[in-house]
Amino acid sequence: MGDDKKDLDPEVWVDLHGDYLYRYAFLKVRNTDVSEDLVQETLMAGINSKKRFSGKSSVRTWLTGILKHKIIDYLRTSYREQPISELEFGDKTVEQLFDELGQWKKGVGNWESNPQKLAEQGEFVDAISVCLSKLPDRLAQAFALRVIDGMSTKEVCKIINVTSTNINVMLHRARLGLRQCLEVNWFD
Amino acid sequence: MISKILGKLSISCKQATALASESFERKLTLKERWQLRYHAGMCIFCKRWKPQVEMIEKTLQTISKKFESGDAPEGKGMDSEAKNRMKEAIRREQSH
């Protein structure tokens with residue numbers, strides 16, 4: 001993964017790293033416009049601090065580090081400016097899946113599959129992406145921070161600005177929704 | 001006596017999945033673990049639920065690891081218009 005001098009030229013960064021950074025951002029923020037903005041900010045920041053790039057890591061790793069911070073800042077600001085409302089908690093996922101007795105309305109299918117093999121199938125990865133996109137953005141963001149980034153509940157709470165109980169409710173909703181979507185769109 | 005205990009262990013599917021989710025976040029109490037086990041023993045749906053969710057999360061973590069190693073799994077990238085705008089902005093910034 002060595003870089004020659006060419007890779008240090010910002011003009012090639014969009015072609016070399018643009019899509020990678022964009023996909024990275026989109027996975028966490030779930031919004032195309034915001035993702036583009038974050039990528040642009042990252043590249044700008046990279047240009048301005050190019051002198052401080054030590055060359056120890058690859059350019060891509062370095063730019064990704066900048067992007068990571070920008071993503072967290074964006075999320076923190078967004079949740080501070082627009083705190084999660086009761087409405088977002090009163091999401092219909094649970095009612096749609098369970099009846100008045102708390103039993104499954106439609107049941108849970110048998111996914112006979114090898115998890116390893118599934119993860120390697122591009123189409124399954126796409127299906128997960130599509131299902132993530134069907135979740136409400138804020139739910140998907142919280143889920144991404146906790147499950148994809150592996151942040152602790154405490155850290156997620158600080159960014160999203162809610163209690164750990166609330167985070168657990170959000171994560172549960174995300175899990176219910178994701179699994180259900182995959183059942184319908186992939187395994188059926 | 002036994003029916004009283006079983007009564008306390010009885011939870012709905014809605015509660016069982018909520019507990020299963022909680023188990024991803026913290027250690028369940030002994031009572032909670034028994035409730036989950038008891039229910040999953042009788043309900044095939046709930047028995048399937050947690051491993052399926054685990055598999056989804058594992059796949060997402062695999063995707064994440066790919067990203068961390070600099071690899072971009074497939075997905076939509078930016079359209080060429082957006083890319084050109086960015087290149088323009090970079091050129092402007094560089095010419096300062």
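Look up: the structure comes first, before these words.
Thresholds, definitions, all that
Residues numbered from 1 in each chain as written. Chains lettered and ligands numbered in written order. Predicted model: local features only at pLDDT ≥ 70, side-chain atom pairs only at ≥ 80, totals over all residues. Heavy atoms only, no water. Helix = DSSP H or I, 4+ residues; strand = E, 2+ residues; numbered from the N terminus. Rg over C-alpha atoms; globule rule 2.2 N^0.38 Å. Contact = heavy atoms within 4.5 Å. Areas by Shrake-Rupley, 256 points an atom, 1.4 Å probe, with all protein chains shown as cover. Lys, Arg positive; Asp, Glu negative; His and termini not counted. Charge placed at Lys NZ, Arg CZ, Asp CG, Glu CD. Salt bridge = Lys/Arg side-chain N within 4 Å of Asp/Glu carboxyl O. Buried < 20%, exposed > 50% of the residue type's maximum accessible area, 1.4 Å probe, protein only.

Chemist: Explain the overall build of chain B to me, please; I cannot follow it from the model alone.
Modeler: Summing up its helical and strand segments, chain B has five helices and zero strands in all. Reading the secondary structure of chain B in the N-to-C direction produces α-α-α-α-α. Relative to the compact-globule value of 12 Å for 96 residues, chain B shows a C-alpha radius of gyration of 24 Å, a clear excess of over 25%. With respect to the principal axes defined by its C-alpha atoms, chain B has extents near 85 × 25 × 25 Å. Contacts spanning at least 24 positions in sequence make up 56% of the contacts within chain B whose residues lie at least 6 apart. Accessible area of chain B: about 6,000 Å², with a carbon and sulfur share of 55%. A distance of 12 Å separates the average location of the 20 positive side-chain charges in chain B from that of its 12 negative side-chain charges.

Chemist: Is there a simple way to think about the pattern of salt bridges in this case?
Modeler: Where charged atoms of side chains with opposite charge meet at close range, the side chains can pair. For the structure on display, the rule yields 15 salt bridges over all chains. Between B:Glu57 and A:Arg175 there is a salt bridge, with its nearest N and O atoms 2.6 Å apart. One end of the pair, B:Glu57, is in helix 4 (residues 44-68); the other, A:Arg175, is in helix 10 (residues 164-187), on a second chain. For the residue pair B:Glu57 and A:Arg175, the accessibility class agrees, reading buried in each case. Note that B:Arg85 is salt-bridged to B:Glu81, the shortest N-O span being 4.0 Å. Placement of the pair is B:Arg85 and B:Glu81 together in helix 5 (residues 80-94), with a separation of four residues, close to one helical turn.

Chemist: Would you take a moment to explain helix 8 (residues 137-148) of chain A for this structure?
Modeler: Residue and element names in this part refer to chain A. Where burial is concerned, most of helix 8 is hidden: 11 out of the 12 residues are buried. Inspection of helix 8 places Arg138, Leu139, Ala140, Gln141, Ala142, Phe143, Ala144, Leu145, Arg146, Val147 and Ile148 among the buried residues, and these make up the whole buried set. Among the residues trailing helix 8, Gly150 stands out with phi positive, at a value near 75°.

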